[in-house]
Amino acid sequence: MSDVLMDVSDLAVHFKARKGTARALDGVSLEWRRGEILGVVGESGCGKSTLARAMMGLVKPAAGEVSLNGETVAGRGRVRELRRRVQMIFQDPYQTLNPRQRVRAIVAEPLVVQGVPKDEHEARVRRAMEDVGLTAEHFLTRYPHQLSGGQRQRVAIAAALVLEPDGLVCDEPVSMLDASVRSQILAVLVELQRRRNLALVFITHDLSLAWSLCDRIAVMYLGRVVEQGSAVDVIERPRHPYTQALAAAIPVPSANGDAKRELLSGELPDATAIPTGCRFHPRCPRRFEPCDRVDPGLMAAGAPDQLAACLLYDPTQGRAEVAGAADG
Amino acid sequence: MSALLDVRDLRVTHNGHPIVDGVDLRIEPGEAVGLAGESGCGKTTTALSVMKLLPSALRQSGKITLTPPAAKKPINIERRTERGMNLVRWRHVSLIFQGAMNSLDPVQRVEAQIAEAIRLHEQVSSKEVRARIDELLTTVGLTPSLGHRYAHQLSGGQRQRVMVALALACRPSLVIADEPTTALDVVMQAQVLQLLERLRAELGLALILISHDMGVLAETCDRIAIMYAGRIVEAGPVSAVFSSPQHPYTKRLLESLPVIGAERGLASPIPGGPPDPGAIPEGCRFRPRCPYAAEECLSDPPLRELSGGHATACHFAPWTEWPAVDAATTAGVRG
């Protein structure tokens, strides 16, 4: 088996909007490796959540494909297989649990859907509950309204784990939780990744969290991955001007954190009107002549395994960064 | 010079249980003060007390004196009636709510909402109102033409800016911002914080910034107060508190933040949770979660000043070094 769990190639997802077609995903290519924590970061509206949904087969791609363990996911049977191997948890633990089901039924539901023999249910539900740190005796008979936010998110994770998937897509799993609960949930996820070799996609707008948690990070801008690489390289030594601006906007908790920063001006353009050429060029502080015409693909920049979709790193453009990238 | 805001021994109770339990707070004109702490520690309740906006089930006591330059004499907020408060709110002190972007009226154009705030407090001509709206929108970095829009036609960052414009509509001398950037992503968060900072410099505005994000507070504030279970447990200049925290709770809060460039990994959570207002532990309130707790901690530590306005409520302060504690409670999860 290859070390790639899921391969997303040139994936596009379009939505019809009043103003035309919104290209929520506009050619995303991404490799999700076995057992790794892959961070997906970007501003709101950049397509992070659409990517998560597309990876789960919840939205139909307009172009491109998702393959799991080397096989293209297409058609109902394959999507069903996909959901056995890869599960998802969402941002809001208050909306994802059926208020009229007890925890036992919520966690067992995926087993029912996938037709797992009934006599296995109880043992697997209990194991999943144990994995997320909830005592089965105590919680299985409760209803969601009897749980705290952190407990709800644990139940959601347990339901996602009960099929023993290889991967878990987490869409902003802690952004609605309080600081102390947040670190408990993160600890549960990291522990699972380590013990079960579970691969995680971690979607977040919190760059410092992604930096501390993830193995690799993909940075999205307007429906496309504009930079990817190891978490340390991407956040500490970003190469794409967009990532550089994001990293500069992270508040620094230090005594002299008053450093003046250059902030990204303007807002994310509308996905119905993606700029020509490089999609970031209208906001880019380092744009040069062909940036409004040439749409750059991902190219080697900085560390090995680090890629940036920016003409600064295109050898044919003759910019200094190419040389810098080689020894960076 | 007297302080712009002087809060003395503020207490708020719910069914006899303390939510805020003896808070003193002084804000000078033009100063930015941060309030930090986990949710449920009383940050928002303190802010709402200053605006006298607490739900009726809560009982409030203590002295709150506001001395804005635009008022003839100090305002005793605790004695004001609801009608009397209407003359104070927005005019002298305004509040940017948590999740403010969702508190705009969905069926009123943005400019109409700003106009309403101005007209409630001042007798001004329509022409002047129009000019003020344009000026306010420009101040917060929005094109005046956006005033014609409804809330749903604006992005999250734009709505947050409209809320800032609303808070500034009557030129108050104090703005309280309760988690103003929590719902925003990093770029918009930085834009809104920079905006608040700029307005503070340009308009001489004082700011109380409530946040659980220590990074946000470090970048924006002059002074910071850390609250725990209804009390201020540490307060002082940002530089002093961040470089040399003097309360174990502050220290853990600072440690829980990822510092980019330092060692990666998840900080371990502070064990347990903050106490229920009905079951506040005897002595130091942080004692049950504190790795350094000792017998002394059974008596309640007062908030005492160590140096230059830096005060802490810990018996063992000043801490010159923090002894290593049990590995199980401090080791990073990621190992």
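Quantities reported herein were computed from a predicted structural model and do not represent experimental measurements.

**A closer look at the packing of helix α3 (residues 103–113) of chain A against helix α4 (residues 118–131) of chain A**
All names here are of chain A.
Here is step 1 of the chain: The contact between α3 and α4 brings their axes to 10 Å, and the two run at 115°. With respect to their mutual orientation, α3 and α4 come out roughly perpendicular. Where α3 crosses over α4, the two elements pack in a sense that is right-handed. Between α3, through Val103, Arg104, Val107, Ala108, Leu111 and Val112, and α4, the contact on the second element is made entirely by His121, Glu122, Arg124, Val125, Arg126, Ala128 and Met129.
Here is step 2 of the chain: Here the residues of the contact of α3 with α4 are counted per class, giving eight nonpolar, one polar and four charged.

**Focus: the side chain of A:Gln114**
Here is step 1 of the chain: When you line up the elements, A:Gln114 lands in the loop between α3 and α4.
Here is step 2 of the chain: Every residue in contact with A:Gln114, bar those within four places of it in the chain, is listed here: A:Arg80, A:Arg83, A:Arg84 and A:Leu163.

**Observations regarding the packing of helix α5 (residues 156–168) of chain B against helix α6 (residues 186–203) of chain B**
Residue and element names in this part refer to chain B.
Here is step 1 of the chain: At their nearest, the axes of α5 and α6 sit 10 Å apart, and the two run at 20° to each other. On the basis of their axis angle, the class for α5 and α6 is roughly parallel. Handedness of the crossing formed by α5 with α6: right-handed. Residue-level contacts link Gly156, Gly157, Gln160, Arg161, Val164 and Leu168 of α5 to Met188, Gln191, Val192, Leu195, Leu196, Leu199 and Leu203 of α6.
Here is step 2 of the chain: Taken together, the residues that form the contact of α5 with α6 break down as eight nonpolar, four polar and one charged.

**Details of the domain arrangement of chain B**
Residues and elements named next belong to chain B.
Here is step 1 of the chain: Looking at the assigned domains, one finds that chain B contains domain 1 (5–221) and domain 2 (248–312).
Here is step 2 of the chain: Here the C-alpha centroids of domain 1 and domain 2 sit 29 Å apart.
Here is step 3 of the chain: Counting residues at the interface gives 10 residues for domain 1 and 10 residues for domain 2.
Here is step 4 of the chain: Of the roughly 800 Å² buried at the junction of domain 1 and domain 2 (both faces included), carbon and sulfur atoms supply 62%.

**Here's the deal with α6(B)**
Residue and element names in this part refer to chain B.
Here is step 1 of the chain: Its 18 residues give α6 an end-to-end C-alpha distance of 25 Å, which sits within 8% of 26 Å, the value for a rise of 1.5 Å per residue.
Here is step 2 of the chain: Buried within α6 we find Val186, Val187, Met188, Gln189, Ala190, Gln191, Val192, Leu193, Leu195, Leu196, Leu199 and Arg200.
Here is step 3 of the chain: Backbone geometry just downstream of α6 places glycine 204 in the positive-phi region, at approximately 65°.

**Quick look at the pattern of salt bridges**
Here is step 1 of the chain: Applying the stated criterion across every chain, the model contains 43 salt bridges over all chains.
Here is step 2 of the chain: Here A:Arg126 makes a salt bridge to A:Glu137, at a shortest N to O gap of 2.9 Å. Taken together, the positions of A:Arg126 in helix α4 and A:Glu137 in helix α5 (residues 136–139) put the pair 11 residues apart, joining distant regions of the chain.
Here is step 3 of the chain: Residue class for A:Arg126 comes out partly exposed when judged on its relative accessible area of 31%.
Here is step 4 of the chain: A salt bridge links B:Arg200 to B:Asp222, with the shortest nitrogen-to-oxygen separation between them at 3.2 Å. Remark: B:Asp222 occurs in the loop between α7 (214–220) and β9 (223–228) and B:Arg200 occurs in helix α6; sequence separation between them is 22 residues.
Here is step 5 of the chain: Judged by relative accessible area, B:Asp222 falls into the partly exposed class, the value being 35%.

**Observations concerning the sheet that holds strand β6 (residues 86–89) of chain A**
Residue and element names in this part refer to chain A.
Here is step 1 of the chain: With respect to topology, eight strands assemble into an open sheet ordered β6-β7-β8-β3-β9-β10-β12-β11, the strand pairing being mixed. Among the strands making up the open sheet, the edge pair consists of β6 and β11 (299–300).
Here is step 2 of the chain: In this structure, β6 lies alongside strand β7 (residues 167–171), joined through four bridges in parallel fashion. Residue pairing across strands places isoleucine 89 opposite cysteine 170, the latter belonging to β7.
Here is step 3 of the chain: Helix α2 (residues 76–85) rests against β6 and β7 of the sheet, and its axis sits at about 65° to β6.
Here is step 4 of the chain: Contacts between helix α10 (residues 241–248) and the sheet are confined to β9 (216–221) and β10 (224–230), with β9 contributing the most and set at about 105° to the helix.

Here is what the cut-offs are and how they apply
- Residues numbered from 1 in each chain as written.
- Chains lettered and ligands numbered in written order.
- Predicted model: local features only at pLDDT ≥ 70, side-chain atom pairs only at ≥ 80, totals over all residues.
- Heavy atoms only, no water.
- Axes fitted to C-alpha atoms, helices over the stretch in contact; angles between N-to-C directions.
- Helix = DSSP H or I, 4+ residues; strand = E, 2+ residues; numbered from the N terminus.
- Parallel < 35°, antiparallel > 145°, perpendicular 65-115°, else oblique.
- Left-handed = near helix turned anticlockwise from the far one by under 90°.
- Contact = heavy atoms within 4.5 Å.
- Nonpolar A, V, L, I, M, F, W, Y, C, P; charged D, E, K, R; others polar.
- Domains from an automatic or database assignment.
- Buried area = accessible area lost by both parts, 1.4 Å probe.
- Expected span 1.5 Å × (residues − 1).
- Buried < 20%, exposed > 50% of the residue type's maximum accessible area, 1.4 Å probe, protein only.
- Salt bridge = Lys/Arg side-chain N within 4 Å of Asp/Glu carboxyl O.
- Pairing = 2+ DSSP bridges.

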